[in-house]
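Inside the fold
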Amino acid sequence: MAGDQPGTPENFDEMHFAGGDIRPAYDAYCDWYQEQEPALLKRKNAEADESFRRTGITFNVYGEDEAEERLIPFDMVPRIITAAEWRKLTRGIEQRVSALNAFLYDLYHRQEIVRAGRLPERLLRNNDAWLPNMVGMTPPGGIYTHIVGIDLVRTGPDEFFVLEDNARTPSGVSYMLENRETMMAMFPDLFSKVAVEPVSNYPRRLARSLAACAPPKFDGSSGDKPTVAVLTPGIYNSAYFEHAFLADQMGAELVEGSDLRVVDGRVQMRCTRGFQPVDVLYRRVDDDYLDPLTFEPDSVLGVPGIMDVYRSGGITIANAPGTGVSDDKAIYSFMPEIVEFYTGEKPLLPNVQTWRCADTDSLGYVLDHLEELVVKEVHGSGGYGMLIGPTASKKEIKEFRAKLKADPENYIAQPTLSLSTCPIYTKAGLAPRHVDLRPYVLVSPNGIEITPGGLTRVALKKGSLVVNSSQGGGTKDTWVLKD
Amino acid sequence: MLGRTANGLFWMFRYLERAENTSRLLDAALRMALTRDLERAEEEWRSVIATLGLKQQYEANNDGYDGASVWNFVLRDKANPANVREMFCAVRNNARTARTNLSTQAWEAVNENWMKLDKQLSRPVSQLALGEVLARLRRTGMQVHGAMDGSMLRNEGYHFARAGTFIERAESTARILDMKYYLLLPSLSYVGSSLDSGQWDQVLRSVAGASAYSWLNAGNIDARGIVEFLVLDDRFPRSLAFCRSALRTNLDQLERIHSQPSEANRLMQESESFIAHMTVDEIFEMGLHEFLTQFMARNSAVGQAIADDYRFLA
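My aim in this report is to walk through the structure given alongside it, one point at a time.

Each value, and the rule that gives it
Residues numbered from 1 in each chain as written. Chains lettered and ligands numbered in written order. Predicted model: local features only at pLDDT ≥ 70, side-chain atom pairs only at ≥ 80, totals over all residues. Heavy atoms only, no water. Pairing = 2+ DSSP bridges. Helix = DSSP H or I, 4+ residues; strand = E, 2+ residues; numbered from the N terminus. Axes fitted to C-alpha atoms, helices over the stretch in contact; angles between N-to-C directions. Contact = heavy atoms within 4.5 Å. Core = buried A, V, L, I, M, F, W, Y, C linked by side-chain atoms within 4.5 Å. Buried < 20%, exposed > 50% of the residue type's maximum accessible area, 1.4 Å probe, protein only. Phe/Tyr/Trp six-rings, centres within 6.5 Å; stacked < 30°, edge-to-face > 60°.

What follows is about the sheet that holds strand S11 (residues 280–283) of chain A. Residue and element names in this part refer to chain A. One open sheet accounts for four strands, arranged S7-S6-S11-S12; its pairing is parallel. Strands with a single pairing partner mark the edges of an open sheet, and in this sheet they are strand S7 (253–255) and strand S12 (316–318). If you compare each strand with its neighbour and ignore which way they point, the axes differ by 25° on average. Bridge count between strand S6 (residues 228–231) and S11: four bridges; the pairing is parallel. When the sheet's bridge partners are listed, Val228 is paired in S11 with Val280. This element, helix H9 (residues 240–250), spans S6, S7 and S11 of the sheet and lies at about 150° to S7.

Next up, the structure:
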């Protein structure tokens, strides 16, 4: 194909075999691609940007004085996964998500895993997301994380690893949906040639999944459905577009803290005809701001008294307060043990090898190998506060070494993986870039549902391993092929 | 529907209407200024600022009333917090607030035009660019209303949006009439005397009524004819009578949807009968300024009652 550069032997390219031949997953796509006029592709690529801006799929970035709205760059070459690969991933994700919910339940109840000596108690004490208020409280349906994003990376044909669990508030699902819409609008003929699993039913599934978690005080006797609302911090929040998008697509109300009030033991929203109870709240507001009476007293984003209503069975909060405890990277390093402890099975999806700097031996190894490793803060996210040894300067390594020595418990280290690549469209033709994948998982008492595909994030800079949108990453439509 | 969302829809459409009316005012003044000598042109620009109630702020920041200073002050000057760029920002922010109750077409019409306008208004607007900016402002209004008409569910949200439109439009027409009347006819004795037809032509242009008026009046411009047309003629979509009866329909629908009478509709009916039983002669007898002042007070009371009745604010 014009301008393409087959993957280097050091990393796995998802489109090409090492010799340059096309892998079966991409056969049909590449046939189609080769038939396209280069000028047409170029024009379509420019149009995609315009279409995202018009729709308003932007995220806010705050500079010195004014808020600015930016687009997450979209790449028009799809990332393709075969049906067989996906089936395998699905089993691993299901197992991991079941274990996560069992783990969270246990942490806030008998803490069997700590008693069994499989998880050090200090990991809870040192965990910012740990909520003592949740101890002994069972959320409706026993579910803590209703909406989960499992970040996966790939290094070979069969080698997928979990890089991160997002049990607290996985964002980005609106991009998964809009990327597909954009692709279908840009290249309708492509979808008649390649059979791709749809993703567009995610909002309906989300609505159904949330409605299945109604709290004990919801009275369904009259045949009414539970009222679901999405709680957003407001239009200036960086993910407001997504909050509005999901509420719109679910047919749920999009509420802010100021719309809600505790009335007669229920959380109620101020409607044009008076106050109406909310049964299930999909909140996109952090734990700390959820209830000024229980947490951050100055918060205006939350609802005073909502935690009391929650404890008395008057509302379901998704995801449950305190869920973020499992997103911690020190906890992550124990996930293989956690999966085995709660499911009795070996993990189907492995972790990336992880050194806990809290262990003296590991710390020694990490300090000796900083140039090769990726070092992350245990509570960090978004690609901030981390060191990527192989690309860091001597000065950066020196500074990081000092930080690491001062507070080793705050860090974990991982080998620099040779992440798989997938081609992106550039002016010079297709060029390989590193990718990761975040599939979205829904959990309700009726079971676990995984939307085929997910959000592929791609590092747009050549050779870069950082895919975060806050640091110049883009996204791709992700296809799971039908059998 | 949430009270806050209803508030968002109501104000989205008020600001949209306000931005459109402001652009029409500038357009009419520009036209007048181009056909007048320098001194009279300055008068036109002065009256734009006066009509918009911006005299104090304007004079604190500008030395004279030249066209470019006035239209830039009205369109984009940060010293004027009620500039059109800010109005449009308010349109979009309210649309974002109400996004889940707005059809995709209506939202995209707002967003797409906002992107272009915000960029155009980020720099001083030259005379050459002014026409395009004003045309876009008017077109935006039409596109959004068209999208609403063709794609919005006729639920309460639709009626809050329309209520915002007609409250604002009535206020704007009344204000333009009041200001021009004041400037041209300081005392009743002038009524009926020959008019500065250019000035009245401008009034009609400011409310997009020049052609409609001439269809109905075969070229005769006089104060009676204009007041009849802008206040009492319920065929003209920017007349006070039209805005009343349109608003009445929306408030009736809201009462029906909520199965409950509203204070807003009660005040509305009072206001409607205040106009309905008046003739042009009676209006002049009362004093046009007095009449318009009363009308505007009633109009804003209806707006306030809508906010209270439907729990716009906590």
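What follows covers the environment of Leu404 of chain A. Positionally, Leu404 of chain A belongs in helix H15 (residues 394–406). Ignoring sequence-local partners within four residues, the contact set of Leu404 of chain A consists of Cys357, Leu363, Val366, Leu367, Leu370 and Tyr411 of chain A.

Here the focus is the nonpolar core. Judged by nonpolar contacts, the single largest core of 101 residues is most densely connected at Trp45, Leu75, Phe291 and Ile306 of chain B. Considering each element in turn, this core owes the most residues, 12 residues, to helix H1 (residues 3–34) of chain B. With residues near it in sequence (within four places) discarded, Leu75 of chain B still touches Leu26, Asn83, Val84, Arg85, Leu121, Val125, Leu130, Val133, Leu134 and Leu137 of chain B. The next biggest cluster of nonpolar side chains, apart from the first, holds 71 residues, and it includes Ala129, Ile143, Phe160 and Ile450 of chain A.

Let's shift gears to the pairing of S11 of chain A. Along any regular strand, the residues point their side chains to alternate faces of the sheet. Residues and elements named next belong to chain A. Where burial is concerned, the two faces of S11 agree: the one with Val280 and Tyr282 and the one with Leu281 and Arg283 are both buried. Across three bridges, S11 lies against S12 in parallel orientation. What sits directly across from Leu281, in S12, is Ile317.

Omega for the bond connecting Ala318 of chain A with Asn319 of chain A falls within 30 degrees of zero, at -10°, which places this linkage in the cis form. Along the polypeptide, Asn319 of chain A turns up in the loop between S12 and helix H12 (329–332). The residue Gln111 of chain A is not glycine, and still its phi comes out positive at about 55°. On the secondary structure map, Gln111 of chain A appears in the loop between helix H3 (83–107) and helix H4 (112–115). Residue Gln111 of chain A is classed as buried on the basis of its relative accessible area, which comes to 19%. Notably, Ser259 of chain B is not glycine yet its phi reads approximately 45°, a positive angle. A relative accessible area of 66% means that Ser259 of chain B is categorised as exposed.

All names here are of chain A. Read from one edge of the open sheet, four strands run S13-S16-S14-S15, paired in antiparallel fashion. The sheet is open, and its two edges are formed by strand S13 (355–356) and strand S15 (387–388), each paired on a single side. Bridge analysis of strand S14 (residues 373–377) against strand S16 (residues 411–415) gives five bridges, and the strand direction is antiparallel. In the sheet register, Val374 faces S16, and the bridge partner there is Gln414.

The next subject is the packing of aromatic side chains. Residue and element names in this part refer to chain A. Enumeration according to the criterion identifies 25 aromatic pairs over all chains in this entry. Both rings, one in Tyr108 and one in Tyr144, keep their centres 6.0 Å apart while their planes meet at 15°; by these two values the pair is stacked. Residue Tyr108 is found in the loop between H3 and H4, and its partner Tyr144 is found in the loop between helix H5 (122–125) and strand S4 (147–154); the two are separated by 36 residues along the sequence. What makes Tyr108 buried here is its relative accessible area of 0%. Residue Tyr144 is classed as buried on the basis of its relative accessible area of 0%.

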